[in-house]
Amino acid sequence: MERTVVRCAEGHVFSTASFPMQHLTVDRIGPGRLLRCPRCARLRHAVPVGADKR
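The structure reproduced in this document is the subject of the present report. Bear in mind that the values here come from a model prediction, so they are computed numbers and not experimental data. Throughout this description, residue numbers start from 1 for each chain and increase along the sequence as written. Per-residue local features of the predicted model are confined to residues with pLDDT of at least 70, and side-chain atom pairs are confined, for both listing and counting, to 80 or more; whole-chain, interface and lining totals are unaffected and use all residues. Calculated side-chain values reflect all of the structure's heavy atoms, with hydrogen atoms and water omitted.

**Things to note about the overall build of the protein chain**
Each helix is a run of DSSP H or I of at least 4 residues and each strand a run of E of at least 2, with the numbering of both proceeding from the N terminus. For the protein chain, the count of helices and strands is 1 helix and 4 strands. The secondary structure elements of the protein chain, listed N-terminal to C-terminal, are β-β-α-β-β. In the protein chain, buried positions account for 31% of the 54 residues. Partitioning the contacts of the protein chain with sequence separation of at least 6, the portion at a separation of at least 24 is 38%. Accessible area of the protein chain: about 4,000 Å², with a carbon and sulfur share of 51%. Throughout this description, buried means an accessible area under 20% of the type-specific maximum (1.4 Å probe, protein chains only), exposed means over 50%, and partly exposed covers the range between. Should any heavy atoms of two residues lie within 4.5 Å, those residues are counted as being in contact. A 1.4 Å probe and the Shrake-Rupley method give the accessible areas. Residues count as covered only by the protein chains that appear here.

**Here we look at unusual backbone geometry**
Unlike most non-glycine residues, A41 shows phi in positive territory, near 55°. Within the secondary structure layout, A41 lies in the loop between β3 (33-36) and β4 (43-48).

**Observations concerning the pattern of salt bridges**
Salt bridges are defined by distance alone: a side-chain nitrogen of Lys or Arg within 4 Å of a carboxyl oxygen of Asp or Glu. Under the counting rule described, the total for this entry stands at 1 salt bridge. Put simply, R44 and E10 hold a salt bridge, and the shortest N to O gap is 3.5 Å. Taken as a pair, R44 in strand β4 and E10 in the loop between β1 (4-8) and β2 (13-16) lie far apart in primary sequence, 34 residues in all.

**Some thoughts on the pairing of β2**
Going residue by residue along β2, you find F14 and T16 tucked away on one face and V13 and S15 left uncovered on the opposite face. Paired strands, in this sense, are two strands between which DSSP finds at least two bridges. Here 4 bridges tie β1 to β2, and the two strands are oriented antiparallel to one another. The residue of β2 that forms the bridge with V5 is S15. A loop of 4 residues connects β1 with β2, the two strands running antiparallel in sequence, and G11 in this loop sits at a positive phi of about 95°.

Keep in mind these values describe shape, not function.
Below you can see the structure in the form of structure tokens.
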């Protein structure tokens, strides 16, 4: 299973086994998703680490 490294809105970096709807283009819905951050234990907007510099 492939893991994706993401950064939450609070700046915490973590990896996740699933990053929902990766197959859709950035132009359609953007690179971010709501994920539960393991550091702050809340649902946060998260983006793949490579995509947050755009």
